[in-house]
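Structural overview for review
Listed here are the chains, written in short residue letters.
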Amino acid sequence: MGLGAIGAAIGEGYTAAQANLAVSRNPKISGDIFKNMLVGQAVAESASIFALVIAILLLFLDAPGATPLKAAALFGSGLSMGFGAIGSGIGSGFPGGQCCLGISRQPAIGSRLTTNMLIGSAVCQTPAIFSMVVALMLIFMDFSNSPLFPTWAALIGAGMSTGLAAIGSGYGGGLAAGVSCDGIARNPESVANVTTTMLVGQAVAQTPSIFGLLVSFILLFKTFPESQALSASMALLAAGLCTGLGGIGPGIGNGMAAEGAVKWVARNTSRSGDLMRTMLVGQAVSQSTAIYAMVISLVLIFVL
Amino acid sequence: MAIEGADLIKAAAFIGAGISMGLGAIGPGVGEGMVAAKACEAIGKNPQEAGLLTRTMLVGQAVSESTGIYSLVVALLLLFVV
């Protein structure tokens, strides 16, 4: 919950700051801007509300037959949701803020901007939703038939994998969504191209968090033979850590590439094909390190 | 549970491999994204040079990728050689 609150606080602060700027530019429509700010903040808040729900569940759930393994699962659940909410919270703040600025610039297309903001920030929330899914599975699945060693490490690793990988994807998706609101406000005719480019860019930016989810599912559902060796546990823990950390950079980087492409699609719509191609090539290269991290994780899980 | 020396070394090598590749992926991922963003910007400003700019982007990204590959090599060494 503590970790989860960081992102939403930063994101909402950014939205509010941009809203103030927007009101100062165009005080006549301060009501519209205020309304839009609240909608944007509500979406950014949802990631931290997910974290709050998980925290309350963890606090008040009575775990029947509290075993060390269940404790590991609950700890993993907290890690997953806490880390997972950071990126989505920050990321959703960008479209909210840019949308407020856009409305002050072009009050006539306010509803189109709000729609675009909602689409963009909804995509930013998906990594937080992945984290919540993993967190809920860790809380409610029954692990009583699995051996404590090395399953404890698999469960904590599952939480870290999705949680950490979600940071980059949430943040990166937000970069693309923010600049798309700005672009539509500058050039309202470009709305279709901008939204398409934004969605494609965001979809690629989500892939690191999907890798994280995949590794988490493998760690959750594979049955590991009992082993007292420390190395067997550490391999699973490292697998989760590797895909999780490895997903942060490519998630942010893909978001930056999408940000650049969306920005210039709005300014130079006739070149949207070239820009989309360059964006995808650039993202594919940036993605490669996330794929290396996933390969190392899979080797740690299946080969060693 | 009794932890033996060889087991401890292996455990440390596995964790080290995970951290090496995990942290090592952050920098290249962000850096290559920056390159791609700037390439898109440049193509938006000057679409005639799209081919040249894409080539420059790929060369720049390949250099930025190298540290990611170093991390991968170190991780594989830790996993299979140590």
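The structure this text deals with has already been given above.
Description of the structure in this document. (Residues numbered from 1 in each chain as written. Chains lettered and ligands numbered in written order. Predicted model: local features only at pLDDT ≥ 70, side-chain atom pairs only at ≥ 80, totals over all residues. Heavy atoms only, no water.)

Turning next to the packing of helix 8 (residues 272–303) of chain A against helix 2 (residues 50–80) of chain B. Contact pair helix 8 of chain A / helix 2 of chain B: the axes reach a minimum separation of 10 Å and the direction vectors enclose 5°. Relative to helix 2 of chain B, the element helix 8 of chain A is oriented roughly parallel. Across the contact of helix 8 of chain A with helix 2 of chain B, the residue classes tally to 16 nonpolar, 7 polar and 2 charged. (Axes fitted to C-alpha atoms, helices over the stretch in contact; angles between N-to-C directions. Helix = DSSP H or I, 4+ residues; strand = E, 2+ residues; numbered from the N terminus. Parallel < 35°, antiparallel > 145°, perpendicular 65-115°, else oblique. Nonpolar A, V, L, I, M, F, W, Y, C, P; charged D, E, K, R; others polar.)

The next point concerns the interface of chain A and chain B. Counting residues at the interface gives 42 residues for chain A, matched by 44 residues for chain B. Both faces combined, the contact of chain A with chain B buries some 3400 Å², and carbon together with sulfur accounts for 80% of it. When the buried area of chain A at its contact with chain B is split by residue, Leu230(A), Trp264(A) and Tyr292(A) rank highest and sum to 16% of it. Taken together, chain A and chain B are joined by 0 salt bridges. The interface formed by chain A and chain B includes 9 residue pairs in polar contact (both at pLDDT 80 or more). When residues of the side of chain A that touches chain B are traced back to their parent elements, those giving at least two are helix 7 (230–267) and helix 8 of chain A. Per-element accounting of the side of chain A that touches chain B gives the leading share, 20 residues, to helix 7 of chain A. Here the residues of the side of chain A that touches chain B sort into 28 nonpolar, 12 polar and 2 charged. (Contact = heavy atoms within 4.5 Å. Buried area = accessible area lost by both parts, 1.4 Å probe. Salt bridge = Lys/Arg side-chain N within 4 Å of Asp/Glu carboxyl O. Polar contact = N/O pair within 3.5 Å; in protein donor to acceptor, adjacent residues only side chain to side chain.)

Our next topic: the packing of helix 1 (residues 5–45) of chain B against helix 2 of chain B. Describing two packed helices takes the angle between their axes plus the distance from one axis to the other. All names here are of chain B. The N-to-C vectors of helix 1 and helix 2 enclose an angle of 175°; their axes lie 8 Å apart at closest approach. Classed by the angle they form, the pair helix 1 and helix 2 counts as roughly antiparallel. Of the residues contributing to the contact of helix 1 with helix 2, the split by class is 18 nonpolar, 10 polar and 2 charged.

Turning our attention to helix 2 (residues 30–60) of chain A. In a regular helix each residue adds 1.5 Å, so 31 residues correspond to 45 Å; helix 2 of chain A covers 42 Å between its end C-alpha atoms and thus fits that length. At Ser46(A), helix 2 of chain A shows its maximal bend, which comes to roughly 35°. (Expected span 1.5 Å × (residues − 1). Bend = angle between axes of the 7 residues up to and from the residue.)

Below, the discussion takes up the packing of aromatic side chains. All names here are of chain A. Counting across every chain of the model gives 3 aromatic pairs over all chains. With centroids separated by 5.1 Å and ring planes inclined at 85°, the aromatic side chains of Tyr 14 and Phe 94 adopt a geometry described as edge-to-face. In this pair, Tyr 14 is assigned in helix 1 (residues 2–25) and Phe 94 in helix 3 (residues 68–105), connecting sequence segments 80 residues apart. A ring pair is formed by Phe 94 and Tyr 171, whose centres lie 5.6 Å apart and whose planes are at 75°; its orientation type is edge-to-face. Separated by 77 residues along the polypeptide, Phe 94 in helix 3 and Tyr 171 in helix 5 (residues 148–186) bring together distant segments of the chain. Under the relative-accessibility criterion, Phe 94 is labelled buried at 16%. The partly exposed category is assigned to Tyr 171, whose relative accessible area is 27%. The rings of Tyr 14, Phe 94 and Tyr 171 are connected pair by pair, giving a single aromatic cluster. Stacked on the ring of Trp 264, the Lys or Arg Arg 267 has its end atom at 5.3 Å from the ring centre. (Phe/Tyr/Trp six-rings, centres within 6.5 Å; stacked < 30°, edge-to-face > 60°. Buried < 20%, exposed > 50% of the residue type's maximum accessible area, 1.4 Å probe, protein only. Lys NZ or Arg CZ within 6 Å of the ring centre and 35° of its normal.)

Now for the nonpolar core. Leu219(A), Ile296(A), Leu300(A), Ile301(A) and Met21(B) are the most contacted members of the largest nonpolar core, which totals 61 residues. Contributions of two or more residues to this core are made by helix 3, helix 4 (110–140), helix 5, helix 6 (191–221), helix 7 and helix 8 of chain A together with helix 1 and helix 2 of chain B. Broken down by element, this core gets its largest block of residues, 13 residues, from helix 7 of chain A. The contact partners of Met21(B), leaving out residues within four places of it in the chain, are Cys242(A), Thr289(A), Tyr292(A), Ala293(A), Ile296(A), Gly68(B), Ser71(B), Leu72(B) and Ala75(B). One finds Ile33(A), Ala185(A), Ala261(A) and Trp264(A) within the second-largest nonpolar core, a separate group that totals 32 residues. (Core = buried A, V, L, I, M, F, W, Y, C linked by side-chain atoms within 4.5 Å.)

Moving on: the pattern of salt bridges. Residue and element names in this part refer to chain B. Going through the model one piece at a time under the given rule, you end up with 6 salt bridges over all chains. Between Lys 38 and Glu 41 there is a salt bridge, and its shortest N-O distance comes to 3.2 Å. Taken together, the residues Lys 38 and Glu 41, both in helix 1 and 3 residues apart, mark about one turn of the helix. Residue Glu 41 pairs with Lys 45 through a salt bridge whose shortest N-O separation is 3.2 Å.

Right, let's get into the environment of Gly96(A). Residues and elements named next belong to chain A. Topologically, Gly 96 is positioned in helix 3. Between the C-alpha atom of Gly 96 and that of Met 37, which follows or precedes it by 59 residues, the distance is 6.3 Å. Here Gly 96 is in contact with Thr 15, Asn 36, Gly 40 and Met 117, once residues within four sequence places are set aside.

A separate point is the environment of Leu77(B). Residues and elements named next belong to chain B. With respect to the helices and strands, Leu 77 occurs in helix 2. Here Leu 77 falls in the partly exposed class, since its relative accessible area comes to 44%. Each C-alpha atom of the pair Leu 77 and Leu 52 lies 37 Å from the other, and the pair is 25 residues apart in sequence.

Now for the side chain of Asp274(A). Turning to its location among the elements, Asp274(A) is positioned in helix 8. Apart from residues lying up to four places away in sequence, Asp274(A) is in contact with Ile43(B) and Ala50(B).

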